[in-house]
Amino acid sequence: MSECIVINEVGPRDGLQSQDKHLTVAERASLIKSLLTAGLQHIEAGSFVSPRAVPQMAGTDEVFHLLGPENSPYLSALVPNMKGYELARSAGASTVAVVVSATETMNQKNINMSLQQTLETAANIIRRGRAEGARVQAYLSVAFECPYEGKVAADTILSQARQLAAWDADEIVIADTIGAADPASVRSLLNALVAEHGAEKIACHFHDTRAMGLANTFAAIESGVRRFDSSLGGLGGCPFAPGAKGNVATEDVVMMCEQMGFKTGVQMPLLLAAVKMVSELTGHTQGGRAHYWLSNNAV
Ligand code: COA
Ligand code: ZN
């Protein structure tokens, strides 16, 4: 039997949060429906953050309501604090994502908290989520390089991951927020993390800023990682991390993994239809690096 790669589609959050055109709640919900139809079973539907900080994500509760309880097992939401956790849970989110940035400055810029405050908040959300039956993904953002403080030492990430694991996060997501990692650094960090925590606990989130998104994905696969974030059409960026470009494109990751013999459960023509939809909705042509080839050859 083929091995599976689990794809967590983050376009509706990481992708849409950096678009100058703000999609309506109905548009966001129909995009998510088209991703579900394409076979994606893990989708970050939005975030519960200050609408002043990220107006693109206002109304995420309504997105959840439009999609209904039948779809909520497939959906997650990013939460920066306990207020966000409570809003996400009352909207029906079964999975929440907390974000710890590895550096002091990135936490300040992103969520106006010190690293210490962010870690305390993460600990509280993880413990409460576990007690209340929610799945909690804990992100370690700027895990390779910070746009403000430069390179991040692997030991910093190893010790932060150890803390998140001690609080019993369901999953630790190593996020290369600005797309600064390379396959050699990915391999060495992920080898260490997988050896310590097991591959089931670890996921990766790559951006394609320097065209190394797929190479980094491959390096992590070689280290044993089987869970990846990606974004349809390579949509993405972070409004608080200068220089961050889109996530590695879901269609590129699906193509590479399937060609190597892994199963993703994603139907390429339907995924390409979702990419077409998001291009129309955002008013910009979106598409990963293999877009032209896939558009002409995917069956
Ligand atoms: N959801 C919605 N509103 C929230 C909120 C949440 N999770 N947390 C706080 N707020 C509201 C407060 O109620 C308050 O509203 P008011 O001014 O109308 O009373 C306002 O936001 C400011 O709250 P405060 O606690 O003082 O927060 P802050 O100004 O220090 O901002 C965050 C902190 C975390 C709310 C804000 O920085 C944020 O939302 N950041 C998100 C960044 C992000 O999404 N980054 C990309 C993903 S990693
Ligand atoms: Zn990201």
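Our subject is the structure that appears above.
The paragraphs below set out a description of the structure included in this document. Values in this document were obtained by computation on a predicted structure and should not be read as measured data.

Comments concerning the packing of aromatic side chains
This model, assessed by the stated rule, comprises 1 aromatic pair. Residues Phe 48 and Phe 64 carry aromatic rings whose centres are separated by 6.0 Å and whose planes lie at 40° to one another, so their mutual orientation is tilted. A residue pair is termed long-range when its members are at least 10 positions apart, and Phe 48 in the loop between strand S2 (43-47) and helix H3 (60-67) and Phe 64 in helix H3 qualify at 16 residues. For Phe 64, a relative accessible area of 3% puts it in the buried group.

Observations concerning the packing of helix H9 (residues 213-222) against helix H10 (residues 250-259)
Following both chains from N to C, one finds H9 and H10 inclined at 45°, their axes separated by 10 Å at the closest point. With respect to H10, the element H9 is oriented oblique. In this structure, H9 crosses over H10, and the sense of that crossing is right-handed. Where H9 abuts H10, its residues Leu 214, Thr 217, Phe 218 and Ile 221 lie against Asp 252, Val 253, Met 256 and Cys 257. Taken together, the residues of the contact of H9 with H10 break down into 6 nonpolar, 1 polar and 1 charged.

Quick look at the nonpolar core
Within the largest apolar cluster, 91 residues are counted, with the highest numbers of intra-cluster contacts made by Ile 174 and Leu 190. By residue number, the principal contributor to this core is helix H11 (residues 268-282), which donates 7 residues. With sequence-adjacent residues up to four places away left out, Leu 190 is seen in contact with Phe 144, Ile 174, Ile 202, Cys 204, Ala 220, Ser 223 and Val 225. The next biggest cluster of nonpolar side chains, apart from the first, holds 8 residues, and it includes Val 10, Leu 78, Val 173 and Ala 203.

A short note on the environment of Asn 110
When you line up the elements, Asn 110 lands in helix H5 (residues 104-111). Judged by relative accessible area, Asn 110 falls into the partly exposed class, the value being 24%. With 55 residues separating them in the primary sequence, Asn 110 and Pro 55 have C-alpha atoms 14 Å apart. Among residues more than four places away in sequence, those in contact with Asn 110 are Val 99, Ser 101 and Phe 240.

Description of unusual backbone geometry
Backbone geometry at Asn 112 places phi at a positive 60°, although glycine is not the residue there. By the secondary structure assignment, Asn 112 is in the loop between H5 and helix H6 (115-131). Despite not being glycine, Val 142 shows a phi value in the positive range, around 45°. Relative to the helices and strands, Val 142 is located in the loop between strand S5 (135-141) and strand S6 (145-146). Given a relative accessible area of 0%, Val 142 falls into the buried group.

How each quantity is defined
- Residues numbered from 1 in each chain as written.
- Chains lettered and ligands numbered in written order.
- Predicted model: local features only at pLDDT ≥ 70, side-chain atom pairs only at ≥ 80, totals over all residues.
- Heavy atoms only, no water.
- Phe/Tyr/Trp six-rings, centres within 6.5 Å; stacked < 30°, edge-to-face > 60°.
- Helix = DSSP H or I, 4+ residues; strand = E, 2+ residues; numbered from the N terminus.
- Buried < 20%, exposed > 50% of the residue type's maximum accessible area, 1.4 Å probe, protein only.
- Axes fitted to C-alpha atoms, helices over the stretch in contact; angles between N-to-C directions.
- Parallel < 35°, antiparallel > 145°, perpendicular 65-115°, else oblique.
- Left-handed = near helix turned anticlockwise from the far one by under 90°.
- Contact = heavy atoms within 4.5 Å.
- Nonpolar A, V, L, I, M, F, W, Y, C, P; charged D, E, K, R; others polar.
- Core = buried A, V, L, I, M, F, W, Y, C linked by side-chain atoms within 4.5 Å.

The quantities given are spatial measurements derived from coordinates; they are silent on function.
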